[in-house]
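A structural walkthrough
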Amino acid sequence: MKKHLAPRKRYLLIHVALVALLSLFAMPSLYADDAAATTQSQTESKSSRMWDGLLDSMKTVTNPFSEVSVRDAGVKPRIRPHLHGGSGWNSNANVGEKDSGTNSKAGWQARISPGVTLEVPVSEKMYTMLDYTYSFSTTQGPDISENENTHNLGALVRYDYSKDTSLGVNNNFQISDMPNQAGKRFLLETVKPEIQHTFGEKLRSALNYQFQHYRDVGPTDDSDSSTITRDTFNDNSVTGSLTYDVACKLSLTPQFSWHVREYPKTDEKSYWSISPDLGAVYGLGSKTKLTGHFGWGYRRFKDEGNASELLYGAGINHMLGRKFTWAFNYDKTQQDTFDTGFINRDTPIATNLDNYDRHFRTLNVHRFGTTTSYFLNEKNLFSLFGDFSFVQTKESDNIVSSDENDEKKMEIGGMYSYKLTRFLDLRLGYTFGRSFYAGSTSNTARTQYTYHKVDAGVNLNF
Amino acid sequence: MKRNLLTVLLVTLFAFAFILNPLAHAELKEGMSQGEFAIWLVKAVGAMYKLPPGANAQDAVDFLTNLGLVPDGDWQVDGIVDKQFLISFLNLSQEEADALLKDPEGFDKLLAKVRELLQSRFDDARQGVFRVQSASGSVPA
């Protein structure tokens, strides 16, 4: 016992000494203004002057919970509690289940997700942010009962090294329950440092590295071991890009990505890849932006074989007046079975469009998405959205059963949001989802489905 | 022990951030560049995490454009910010615009209005309302 206490005391002393040492650095700035007063009032005790100085300095510290003035916004520390809640009815709440069959299970879905964000701009050049968000979602119906918990921790540090150079790191850590597997959790850690530099007026560069670690609890209770894939992976990627403003309204961005993903428990899916790409942005007037890219993705699998695909996409973003925005995007991408892109979205739960089974080492996905928003005024927002996804697979990329799984899915819907106060808004939405064709029923992420969902929610954000 | 040390270091760092924060001040004034203004605006509504970690002014401009915040004549990263530039984001009556142009504190008042406008749009966007989500099926089974 004594052996444990001694080091603990030593560390406590180190902590106290560390805080005291750091506090010494703060003292000169706290008492700098009191220098003249010290010479005039010799009778004051040192301790009383220290307390006065400390109290004066405390007055300059902003209350981090208070609403800040426009001049303090973005430059003073702030704590922002936030709460997102919603509930709705889904006519087919089990669309994510592989063996759901043709029997749809209607149910009520609800989600509540409180969190807090700490924003600390340390200096004019450095900005830091830390966010924790917890989410609980539940689905309850006559034939279905599911609960999921998610913890999400995000952090950002950004530093302006000079007028032309900025660098930053963001980190995201999530622990979440596996859907349909109560008590089993996965974790995903993503860290992404980036540096950007501007050369003159027309050339910008960006270099980023990303590391991901996904720990998969795996389907341990599956009786047929031949269908089990364990998707724990480590992922490293480096991407570099140069953006050149060819003309006032046209910029070109050549980009190169190098990527390695290792699956220690399912080696057949491990690969490295390269992806050169050329992107362009063209401003068609001040209200319309056209984007496009064309490139090549090459994957070399550790086991054997490779995948080579042309990758391309196009998009348009248009504003009609100041109130109406419309965006349309199309992309052909090369994806992994488990697309981790959802983790950094506004909502840390994937959508139905992002689910595939795990049997494939690569998927080719064509995706069309469109969004329309009409800001009637600062209180009323109407929006419509639609997403269509066409998945193409090859038999040779199925590491379990050597058959294809070409899924075609869609979601369309509308939403109305009303801002009750500066901090509180309410919303009402409807969504229709459908799977057009789910391929062979022996090897699908889901059977075909159709669902209608009506939901209402509240968003509280300080 | 390492965890304790880490905790103390974090607490100390945040305490210092609050104490030293008076050093943090943005040059919010007429004549600042539109690029600086775009980054300030994104910080002011707490949306920095939506940009790439090493984001530059162009990233901030792209984010604002996607939310429909585009001034008359489009963004010019090196262009200057003045009252007329801020008015171009807002739907103001001619009388109100004229009064703010003459008001010595008009620049701050316009800054506040533009920030409010972005906050209202960003709050709506951060709900993820443009994409439906399901309680089940987050990860392939």
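The notes below deal with the structure included here.

A tally of helices and strands in chain B yields six helices and zero strands. Out of the 141 residues belonging to chain B, those deemed buried represent 59%.

The subject of this paragraph is the pattern of salt bridges. Residues and elements named next belong to chain A. A complete count under the given rule lists 18 salt bridges over all chains for this structure. Residues Asp231 and Lys269 are paired through a salt bridge, measuring 3.2 Å at the closest nitrogen-oxygen approach. A residue pair is termed long-range when its members are at least 10 positions apart, and Asp231 in the loop between β7 (203-215) and β8 (233-245) and Lys269 in the loop between β9 (250-262) and β10 (271-283) qualify at 38 residues. Since its relative accessible area comes to 1%, Lys269 is described here as buried. Between Asp235 and Arg261 there is a salt bridge, with its nearest N and O atoms 2.5 Å apart. Taken together, the positions of Asp235 in strand β8 and Arg261 in strand β9 put the pair 26 residues apart, joining distant regions of the chain. The exposure class assigned to Asp235 is buried, which follows from its relative accessible area of 1%. Taken together, the salt bridges that share partners define one network made up of Asp235, Arg261, Arg299 and Asp336.

Among the structural elements, Arg121 of chain B can be located in helix α6 (residues 106-126). With 57 residues separating them in the primary sequence, Arg121 of chain B and Leu64 of chain B have C-alpha atoms 9.8 Å apart. Among all residues touching Arg121 of chain B, those that are not within four sequence positions of it are Arg322, Lys323 and Phe375 of chain A together with Leu67, Gly68 and Leu69 of chain B. Side-chain polar atoms of Arg121 of chain B contact the backbone oxygen of Leu67 of chain B, separated by 3.0 Å.

Moving on to the packing of helix α2 (residues 34-44) of chain B against helix α3 (residues 57-66) of chain B. Residue and element names in this part refer to chain B. Running from N to C, α2 and α3 cross one another at 60°; their axes reach a closest spacing of 8 Å. Our classification of the angle between α2 and α3 gives oblique. Once α2 is placed against α3, the crossing between them reads as left-handed. Note on element contacts: α3 touches α2 through Ala57, Ala60, Val61, Phe63 and Leu64, opposite Gly35, Ala38, Ile39, Leu41 and Val42. Counted by class, the contact of α2 with α3 contains nine nonpolar, one polar and no charged residues.

Further remarks concern the nonpolar core. Counting 44 residues, the largest nonpolar core has Phe37, Trp40, Leu64, Trp75 and Leu86 of chain B as its most contacted members. Every element with two or more residues in this core is listed here: β3 (126-141) of chain A together with α2, α3, α4 (83-87), α5 (94-102) and α6 of chain B. Apart from residues lying up to four places away in sequence, Leu64 of chain B is in contact with Ala38, Leu41, Val42, Leu69, Trp75 and Leu118 of chain B. Within the second largest apolar cluster, five residues are counted, among which are Phe186, Leu188, Tyr214 and Phe233 of chain A.

Once that is clear, we can look at unusual backbone geometry. Here Asp74 of chain B, not a glycine, exhibits a phi torsion of approximately 70°, which is positive. Position of Asp74 of chain B among the secondary structure elements: in the loop between α3 and α4.

Below, the discussion takes up a nonpolar patch on the surface. Residue and element names in this part refer to chain A. On the surface, Tyr161, Leu167, Ile195, Leu207, Tyr209, Val238, Phe256, Trp258 and Trp272 cluster together into a nonpolar patch covering about 830 Å² of accessible area. Taken together, the elements giving at least two residues each to the nonpolar patch come down to β7 and β9. Positionally, Leu207 belongs in strand β7. In this structure Leu207 comes out as partly exposed when scored by relative accessible area, which is 46%.

A few words on the side chain of Asn149 of chain A. Residue and element names in this part refer to chain A. Tracing the sequence through the fold places Asn149 in strand β4 (residues 144-160). A polar contact of 2.3 Å, which involves the side chain of Asn149, links it to the side chain of Tyr134. Every residue in contact with Asn149, bar those within four places of it in the chain, is listed here: Tyr134, Ser135, Phe136, Ile175, Ser176, Asp177 and Arg185.

Residues and elements named next belong to chain A. Taken together, the 13 bridges between strand β1 (residues 78-90) and strand β2 (residues 107-120) define a ladder with antiparallel strand orientation. From the neighbouring strand, Pro81 faces β2, where its bridge partner is Val116. Where β2 lies against β3, 11 bridges are found, and the strand directions are antiparallel. For Arg111, the partnering residue across the bridge sits in β3 and is Ser137. The hairpin turn running from β2 into β3, its antiparallel successor, is five residues long.

How each quantity is defined
Residues numbered from 1 in each chain as written. Chains lettered and ligands numbered in written order. Predicted model: local features only at pLDDT ≥ 70, side-chain atom pairs only at ≥ 80, totals over all residues. Heavy atoms only, no water. Helix = DSSP H or I, 4+ residues; strand = E, 2+ residues; numbered from the N terminus. Buried < 20%, exposed > 50% of the residue type's maximum accessible area, 1.4 Å probe, protein only. Salt bridge = Lys/Arg side-chain N within 4 Å of Asp/Glu carboxyl O. Contact = heavy atoms within 4.5 Å. Polar contact = N/O pair within 3.5 Å; in protein donor to acceptor, adjacent residues only side chain to side chain. Axes fitted to C-alpha atoms, helices over the stretch in contact; angles between N-to-C directions. Parallel < 35°, antiparallel > 145°, perpendicular 65-115°, else oblique. Left-handed = near helix turned anticlockwise from the far one by under 90°. Nonpolar A, V, L, I, M, F, W, Y, C, P; charged D, E, K, R; others polar. Core = buried A, V, L, I, M, F, W, Y, C linked by side-chain atoms within 4.5 Å. Patch = residues over 30% accessible without salt bridge, like charges linked within 9 Å, V, L, I, M, F, W, Y side chains within 5 Å. Areas by Shrake-Rupley, 256 points an atom, 1.4 Å probe, with all protein chains shown as cover. Pairing = 2+ DSSP bridges.

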